[in-house]
Structure formats: structure tokens, C-alpha cells
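What the coordinates show
What follows is each chain in one-letter form.
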Amino acid sequence: MTLYSCCLILLLFTWSTAAYGPNQRAQKKGDIILGGLFPIHFGVAAKDQDLKSRPESVECIRYNFRGFRWLQAMIFAIEEINSSPNLLPNMTLGYRIFDTCNTVSKALEATLSFVAQNKIDSLNLDEFCNCSEHIPSTIAVVGATGSGVSTAVANLLGLFYIPQVSYASSSRLLSNKNQFKSFLRTIPNDEHQATAMADIIEYFRWNWVGTIAADDDYGRPGIEKFREEAEERDICIDFSELISQYSDKEEIQQVVEVIQNSTARVIVVFSSGPDLEPLIKEIVRRNITGKIWLASEAWASSSLIAMPEFFRVIGSTIGFALKAGQIPGFREFLQKVHPKKSTNNGFAKEFWEETFNCYLPDGSKNSPASASFHKAHEEGLGTGNSTTAFRPPCTGDENITSVETPYMDYTHLRISYNVYLAVYSIAHALQDIYTCTPGKGLFTNGSCADIKKVEAWQVPFSNCSRDCLPGTRKGIIEGEPTCCFECVDCPDGEYSDETDASACDKCPEDYWSNENHTSCIPKQIEFLSWTEPFGIALTLFAVLGIFLTSFVLGVFTKFRNTPIVKATNRELSYLLLFSLLCCFSSSLFFIGEPQNWTCRLRQPAFGISFVLCISCILVKTNRVLLVFEAKIPTSLHRKWWGLNLQFLLVFLCTFVQIVICVIWLYTAPPSSYRNHELEDEIIFITCHEGSLMALGFLIGYTCLLAAICFFFAFKSRKLPENFNEAKFITFSMLIFFIVWISFIPAYASTYGKFVSAVEVIAILAASFGLLACIFFNKVYIILFKPSRNTIEEVRCSTAAHAFKVAARATLRRSNVSRKRSNSLGGSTGSTPSSSISSKSNHEDPFPLPASAERQRQQQRGCKQKVSFGSGTVTLSLSFEEPQKNAMANRNTKRRNSLEAQNSDDSLMRHRALLPLQNSESLGAEPGFQAASSPESSSQESMVGDTKEEVPSPEAEPSLPSANSRNFIGTGGGSVTENTVHS
């Protein structure tokens, strides 16, 4: 198998060597070999070939003096390094240089020669092949010139990791390190040149141009970059054409006609000299003038274009050129070239013949170049640039300085200087290997390579700047060459996963760069989660609220027939507790990952639950207020104060909120939204409310009902405590307003998951405030103060309120009467005392007999201290069994004073609010006769429940007839003490 491989590689090497004879290459032995690719000719002769005959190597034509000078720059640099005592001492650099003829096919032939020789050297086949001369591997290649040629060579050399350093290939495609791993260059890419072209056009305020590009990897990418820059500057392009030195005559004429018919006076050309030459010749032939040409560096200084006969056409050209450099001693080296002295340079012979338009017959008749020359000489054809068909023999004594050729034009060394730099960059890389210290090397475990047996892949690159690691990009240093750059970290959100990246790539929308900016990682997803501590805390509070509400509902259900529960309108209380359950439950919709259905459900659930809750409180408060402030109730009041109407009012108030939510969900439904804009590294999943106006209406309507409820609660603050929760409702509404007024700025100033958290906190705070203020006091009385949950306590409170209102009316009337009498009599009497004394049962000015006193102590009773105006009265009420009612009524009639007959109408109205039994009346009291009238009976049947003794707002308690004692004092004011017995 080894012998078979040896034969195969030798055949390949023999073929490549045959293709490049001694006169078609420059070669010198050395310890280390560098390869070179240079365009010694501008092209190849066209030859029709088919598959019926064996393919032959094409012939190179049109000698390139500048190409030979570039080759000389490489040889000069190698010899200068070999003679240097500091750079690679005791080492000799050799070279193998081939002619690419400015074509891909010839360049690949030369590249195969490098690769084949490297394979023979790596297999160590000397013992099998009996090789007479050992040629070391080519560790690096300098070249090629054109970008299209370098692209093809780079693809082949990259397979074997052979470094390639180009001196003139500027295509931006070659910057792709993923495709061209081993390609380097000492010339900037075309991106900067294309941008500069657009800047020049913008500077001169041109906006109508044409473009022409070579149909290769140099022209197409360059003109594409220019079009991108032109579009950004609002520069319009009239035409865009592709050309090639191998284009047909018809194709060239078609392009010329486009140029001739175009109204654009500025033409941008990205091409090399050989590709542009046929087009310029046709333009000169047609004498198309008046055009301004914008030239890329590849043809701006080309010797093929800079011809005197072309000046009238291309005289108004603005071109770009590379930065020139100085090479000390290079001028003398160029002048020393001679076919007999340059034994290692096979191209020197043809150079001499082309320079002096002669031929050298000695020692070259058997060479392929000589044979082709004599064949052309016999047929009357010239192989060089000369137009003379027949050349005289060369003497060998010609003076190279006497002839003016591009070879001796060393005033502006641009490409030659780049070749010089390329050779030195490789030499410095070898110097690093040569001076490597074990343990600090560039290879595995810090090892060093053997300079004598160095492989191509072991050659480190010598650059002006260190390689930019992944996560960074190359940044231009102002005032420095383009090969000198600084490594700039990729910005956040961008990454680079390759070395020496010219730009950082942006991460996808849902990704963000990692800490080193070498890759993209998924962004962090954030929402108010069930599993985070904040979400768990809010969930626990919501569950606590549900539990406490359920507990209160259970207590109210168990003690539903007690006076406290009945006095709070138990049916509406049940509905109120159910709405609070919904309020606490609605907060749970704001926790967890927002989905479309949760976003559309959470706000309506919250809004409807709170409106239902506020509506229940509003109807309860308003109904009790109407009962106690009304005049003598009629059957009409009984009809409109019924339970059905209360539920209807609650439904109507809630229905308005339902309509708001339906319109909101139909016109602008909320939806789940992934917000990438708040923070770079985080995606916030939130609910897009669809319409902030709708949310404002929802909360605004709730607050409006709460304000109305607060008004009624404040107005009913003086009603009996049994029928009035005003203090607690007022306080709960204050909490409600504080919570939601604070909610608005907090909601507007937060973002992300905290928006949901703020609303959950507001819902829980308002719900706990309503639950605690309205129900906790009642639950405390029911469970821990059962003595206050009795019918007597309720009756006392009700009677005290009626007495208070009647007494206030009496005092007002008495004061009015006294003022009238004073004004009529012309004298002033004493004003009522500002302090009204309180009387207890033990200070009764009319003591009862001992038997009656003992009977009174056996009665069940209570005392209520009533404050009104500037006085306080203690009202004592006692309750007996129903069978003693008749006697109590008779005693009451005997003990009524005459002052009660003068009570005003206000006293009668509030007297009517004292619940009476249907079978009794006050009879002997003319001032209270209305209490036993049919209207009073109608009110009693509406307000009271004759079958139950426990009062409530919808069924007020049945209270026996009262025995009243009234006292009016003189001089110091009036004091009234009512003792009511049943």
C-alpha cells in the first residue's frame, strides 16, 4: 500500500514538474522552503480543446514586468534574511516560485506542486523511491495576486493547513475564516475602499452613476459593497455591468453601448487592469469622452491602462492606491538581474528577451520556453509585448538601466512592499519557533516545534497585533496600518465565535450574549411565579383571606337567627361575603405565567367582584338610612324597601361593570406579551391590557360606587349601632380609597412582574380592609360577647335613638317658644343649661312604693346614655313577661305628664319608630295617639315582624307599649327621663 501511494504521489509530482520546466519557475534550496505565486504573464492563449484529445497545458502570453518585479521583491527579502545575523541565524530559507499567468488553472497547477512535494516529504519515502535529492516541505506560500486566483489557491492550501500570505488580494470574501482558515494578507480588504468611493461621490454631490465590475471574486463583492454604501447615501445607479478579459467582442461592444447611451457621467469600476483593458480599447476606438472614472486600486496604477493613447478617455480618473513603502537596497538588486547571473531564477531569461526585444539561443533550445518561442518565431508570432515578429539575438551585454520599463519603476513600491512584508512576517513566525522555550511554546502543553522538521501547520503567524480571541473583534487604530489593530470586546447582545472577527454578530431576539460574548444564550424569562418567595407570600395572603372570609360566612350561617346577624341584613351579608371570596380569589389570576385567557379574565374578575361587594354595602347602608329618616312609613315604603328591590339594586350596579368588561373584551381584549425592551437580558412576560382607558373606567366606576357608599355611611353615622355600621363602613371606605389612590402612581411607575404584584397587593389590602372593618367586630360579639347579642340590647338601642330624636325636637321647640315669649314680654329669661344632668333609676324623683320597687328590680332592663345637644340623659328600659303588659300600660297612663301633649310633630314621627305590639296602644296620651293609628299599624307591620322578637333592618323588633315619665325643669333648663316598662 505504501509503495502504491509512493508511485501515485510521484506521478503527480512528475506531472506538475513537467508543467513547470526550469525556465518557468524560480527555485533555490534551503533548510526551509517558502512558496511563491506571481503573475509573470497577464493571461493564457485561447485554445479550443475537446474531450477527444489529451488536455495540454495552456501557453502564457503578454509578459508582466511588474509581476517579475514582485517576484524579485520576494527573492530580495529571502536573501536579506539569510544574510541577517539576528533573524534565523544558522538557518537558510529557500524558495520555489511559479507563474500563475493571472489565471486560476495555472495557479492550481503550481499549488498542486507544493502539496505533492509536502506529501512526499511527510511520508519519508526516500528509501522506497531512491530519491537523489531531498526537497523540504513548503511551509508557507506568498501569493497570489488577484482575489479570484487567491480564492482558488486558499481552498486547496486550506485542506492541508498550509499558510498563505497574499500581497494583493483584497476581496472581502477572503476574510471569512470559516472558509479560508489559513489565508492571511498584507493588504486591506475592499470594504474600506468601497466605502471611500461612496464618500467621494457624496463629497462631490453626485447622485447618478454607473458601475462596472470584473466578473470574479474581486469585482463582484467590491461593487456589491459599493452599492450598499451608495444606497445609504441616496446615490442612484444607472447601470451595472460585468466584464472579463476573456469576454467576447460582442459582449464588450454591448457594455460600451450602455456606457455611451447613459446619462451618468461618473463610472465606478472595480476591476483589474487585464480585465478592463479590452473595454478601454473599445471606448478609445469609439472616442467616448466626458466620463469621470472612479478606479479601484487594482487598475488605477496598472501599466496596461496607463498608456499614452488612453489618456484622452481616462484622463479624468480618480483612483485609489496602496500605501507605498521603502525597501533599502532594492533598486540596486533590480539592476543586477542577468540571465547568466540569476541561475536560480528561470524567469530571468524571458525577462531579458522581453526587455531588449531579442532572444537568447544559447543553452535553451531544448527548453519548453525556447521551443515555443522558436515555433512562434518561425510562424511570425510574438510571445511577448513586442509587436515585432522577428527578434535579433541577444548579446548579453545590454544595459538594463538604458531601457524604460515598469520593472524599473521603483519610485512608488506598493505591491512590491507588500511582498516584502509578507516574507518578513513568515520569517518572524519562524523566529518565534526557533527561540521557543519548552513549557512556554504555542503548542500542546507549551511544547515547541523542531525548526528542522517543522510542519506547515506548526508555523505561527507573525502579525502586527495579536489575534483577537472569540468574543472580541478587530478595531481600527487611527494612524496605524490596517494590519495593526486592537481587540475590542463585543458589546452586550453581540458575539463572535471566531478568531480575528472583523465584526460581532447580533444575537437573535430571544437570546443574549454570554459573559465572554462567544455565544448566545436564551434570555431569562421573568413573571410573577408561584414558586418565587414574593409569589408564595402573595398566594398565602390570598388563601388566608379566603379562609377568613369562609370562616365569617360559617359563623354568620350558624348564628343566622341571632339579633346581630339579623340586624346586619343577613341576606345581603351573605352576598357581601361571597363577593369578598371572589375578590380574594381574583388576585390569584395575577400570579403565574400570563396566558391569553388569564389576561382576559383577571381584570374583569377583579372589577366585577369589587363592584358586587361595594354594591352590597351601598344598598345596606342606604336602606337603613331611609328607614330611620323617613316619616311615618306607609305601604308604599314597605313595597320599595323589600328584599327583592335590594337585590335588584345590587344587580343593576354590578351590571354596569359587566357591560364595561364586555365592551373592553370585545374591542381591545388583553393578551399575553413578551417584553424585550425593559431589560436586555430578561424577557418579561406580562399582560398587555389592550386599553388603559378601559382599565381606568373599570377602576373609576368602582371608586365612584365606593364614594357614594362613603357618603351614605357618613350620613348614617348617628343611627342606632344595631342598625348602623357607619363607623366601620366609613373606615373601610377610607382604607379602600387610600389603597387605590396609592395604586395609580405605583402601577404607572413599576414594570415587568411588579405590575401584577402591585395590583395583587392593592386587591388584598382593600379586601382585608372591607372584611375586617365590617365583619370582625360582629364576629367578636357573636363568639366572645354573647351577652350583647340579645333582643334586649337591640331594643334598648332602638328606643334610645327614638328618644334622642324626640328629645332634640322638644328642646328645639321649647327654645323657640321661650324666645317668642321673651320677645313679646320684653324680658329675658334664663337660658337652658349647657349641661343636662343624667338621672339613674336610683335617683328617681318620684320613688315608687316598696312593693313596686321590688317588682321593678325583678324586671329585665337596660340603661342607655343618650347624648344630644349639650346634654346627656340616661334612658332606663325594663322588660317584663307579656302577661304584665296590661298593668304596665295602666300605670303609664296615670304617670304621663301634661307636657307630653305639647310634643311637636317631630316627636310623633320618631315615636312612631318605636315598635309596638299590635294589641296595645297608648290610649290616654293624646300626644302619642298616632302611634296606635292605622298608619302606625301599617308601619309596624312593615318594620316589625310579629312572629319574631329579634329586630333587623328588614324586620324591626316588636317592642311592647311604653310607660313614660316626663319631667320639665324650670329655670335651669329641662330634663326628660323616660322609663319604659313592658
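Residues numbered from 1 in each chain as written. Predicted model: local features only at pLDDT ≥ 70, side-chain atom pairs only at ≥ 80, totals over all residues. Heavy atoms only, no water.

Secondary-structure assignment places V650 in helix α21 (residues 643–667). Looking at V650, the relative accessible area reads 2%, which means it is buried. Along the chain, V650 and L618 lie 32 residues apart, while their C-alpha atoms are 8.5 Å from each other. Other than its neighbours up to four places away in sequence, V650 contacts L572, L575, L612, S615, C616 and V619. (Helix = DSSP H or I, 4+ residues; strand = E, 2+ residues; numbered from the N terminus. Buried < 20%, exposed > 50% of the residue type's maximum accessible area, 1.4 Å probe, protein only. Contact = heavy atoms within 4.5 Å.)

This paragraph deals with the state of the cysteines. A full pass over the atoms with the stated rule returns seven disulfides. Disulfide pairing places C358 opposite C394 at an S-S distance of 1.5 Å. Across the S-S bond of C358 and C394 the torsion is about 100 degrees, and the bridge reads as right-handed. A residue pair is termed long-range when its members are at least 10 positions apart, and C358 in the loop between α13 (348–356) and α14 (368–379) and C394 in the loop between α14 and α15 (415–434) qualify at 36 residues. The class for C394 is buried, based on a relative accessible area of 11%. Two residues, C599 and C687, share a disulfide whose sulfurs are 1.8 Å apart. For the disulfide bridge between C599 and C687, the dihedral angle about the S-S bond is near -75 degrees, and by the sign convention the bridge is left-handed. With a gap of 88 residues between them, C599 in helix α19 (residues 596–629) and C687 in strand β22 (residues 682–688) connect regions that are remote in the sequence. (Disulfide = S-S within 2.5 Å.)

Strand order in the open sheet made by the six strands is β1-β5-β2-β6-β7-β8, with mixed pairing throughout. Strands at the two margins of the open sheet, each flanked by one partner only, are β1 (25–28) and β8 (183–185). The sheet shows a mean angle of 20 degrees between the axes of neighbouring strands, taken without regard to direction. Bridging between β1 and strand β5 (residues 93–99) involves four bridges; their strand directions are antiparallel. In the strand pairing of β5, K28 is matched with Y95. Here helix α2 (residues 65–82) sits on the sheet and contacts β1, β2 (32–38), β5 and β6 (138–142); the angle it forms with β5, its principal contact strand, is near 175 degrees. The strands touched by α15 are β2, β5, β6 and β7 (164–166); relative to β6, the strand with the most contacts, the crossing angle is about 155 degrees. (Pairing = 2+ DSSP bridges. Axes fitted to C-alpha atoms, helices over the stretch in contact; angles between N-to-C directions.)

Attention now moves to the nonpolar core. Of all hydrophobic cores here, the largest spans 64 residues; its most connected members are F610, I617, M733, W740 and F775. Breaking this core down by element, the ones donating at least two residues are α16 (533–558), α17 (563–567), α18 (570–586), α19, α21, α22 (692–715), α23 (726–749) and α24 (753–784). The element best represented in this core is α24, accounting for 15 residues. When neighbours within four sequence positions are excluded, F610 is seen to be in contact with C583, T702, F736, W740, I763, A766, S767 and L770. In terms of nonpolar packing, the next biggest core, distinct from the first, is built from 61 residues, I97, L184, F347 and I433 among them. (Core = buried A, V, L, I, M, F, W, Y, C linked by side-chain atoms within 4.5 Å.)

Before going further, it helps to examine the UniProt feature "transmembrane region" (unreviewed entry) in the protein chain. UniProt marks residues 534–556, 572–592, 604–626, 647–666, 692–714, 726–748 and 754–776 with the feature "transmembrane region" (unreviewed entry), using the numbering shown here. Between the end C-alpha atoms of residues 647–666 there is a gap of 28 Å, over a span that is 100% helix and 0% strand. Secondary structure content for residues 754–776 is 100% helix and 0% strand, and the end C-alpha separation is 31 Å. (UniProt positions renumbered as here; feature names shortened; annotations may be inferred.)

As a further point, take the sheet that holds β22. Reading across the sheet, the three strands line up as β20-β22-β21 and stay open at both edges, with mixed pairing between neighbours. Lying at the two open borders of the sheet, with one neighbouring strand each, are β20 (524–526) and β21 (671–679). The average angle at which neighbouring strand axes cross in this sheet is 35 degrees, direction not considered. In terms of strand pairing, β20 meets β22 through three bridges, oriented parallel. From the neighbouring strand, I525 faces β22, where its bridge partner is I683.

Turning our attention to α13. Of all nine residues making up α13, nine are buried, and the element is well covered by its neighbours. Among the residues of α13, those classed as buried are A348, K349, E350, F351, W352, E353, E354, T355 and F356. Residues of α13 that are buried in the fold lie against β3 (41–44), β4 (60–63) and α2.

Our next topic: the pattern of salt bridges. The tally for this structure, following the rule as stated, stands at 18 salt bridges. Across the salt bridge formed by E109 and K106, the nearest N and O atoms sit 3.8 Å from each other. Here K106 and E109 lie together in helix α3 (residues 104–123), a separation of three residues that amounts to about one turn. Assigned by exposure class, E109 and K106 land together as buried. One salt bridge in this structure joins R172 and E224, with 3.9 Å as the shortest N-O distance. (Salt bridge = Lys/Arg side-chain N within 4 Å of Asp/Glu carboxyl O.)

Here we take up the packing of aromatic side chains. Under the defined criterion, the tally for this structure stands at 23 aromatic pairs. Taking the centre distance of 5.2 Å and the plane angle of 75 degrees together, the rings of Y63 and F65 count as edge-to-face. On the numbers, 4.9 Å between centres and 50 degrees between planes, the contact of Y420 with Y424 is tilted. Within this pair, Y420 and its partner Y424 are both found in helix α15, separated by four residues, close to a single helical turn. Take Y420: its relative accessible area is 12%, and that puts it in the buried class. Its relative accessible area of 18% is what places Y424 among the buried residues. Taken together, the ring pairs connect F76, F330, F333, Y417, Y420 and Y424 into an aromatic cluster. When the ring centre of F485 is taken as origin, the NZ or CZ atom of K474, which lies over that ring, is 5.1 Å away. (Phe/Tyr/Trp six-rings, centres within 6.5 Å; stacked < 30°, edge-to-face > 60°. Lys NZ or Arg CZ within 6 Å of the ring centre and 35° of its normal.)

So, on to unusual backbone geometry. Trans peptide bonds make up most of the peptide bonds, and negative phi angles are found at most residues other than glycine. Omega for the bond connecting G143 with A144 falls within 30 degrees of zero, at 0 degrees, which places this linkage in the cis form. Look at R205: it is not a glycine, yet its phi comes out positive at around 60 degrees. Tracing the backbone shows R205 in the loop between α6 (190–203) and β9 (208–214). With a phi close to 60 degrees, H517 is a non-glycine residue in the positive phi region. Its location among the elements puts H517 in the loop between β18 (511–513) and β19 (520–522).

One can describe the packing of α21 onto α22 by two numbers: an axis separation of 10 Å at closest approach and a directional angle of 175 degrees. On the basis of their axis angle, the class for α21 and α22 is roughly antiparallel. Between α21, through C653, V656, Q657, I660, C661 and W664, and α22, the contact on the second element is made entirely by A694, L695, F697, L698, Y701, T702 and L705. Taken together, the residues of the contact of α21 with α22 break down into eleven nonpolar, two polar and no charged. (Parallel < 35°, antiparallel > 145°, perpendicular 65-115°, else oblique. Nonpolar A, V, L, I, M, F, W, Y, C, P; charged D, E, K, R; others polar.)

Next up on the list: the pairing of β5. Within β5, seven of the seven residues are buried, which leaves the element mostly enclosed by the surrounding structure. Here β5 shows a buried face lined by L93, Y95, I97 and D99 and a second buried face lined by G94, R96 and F98. Relative to β5, β2 is paired through seven bridges, and the arrangement is parallel. If you follow I32 over to β5, its bridge partner there is L93.

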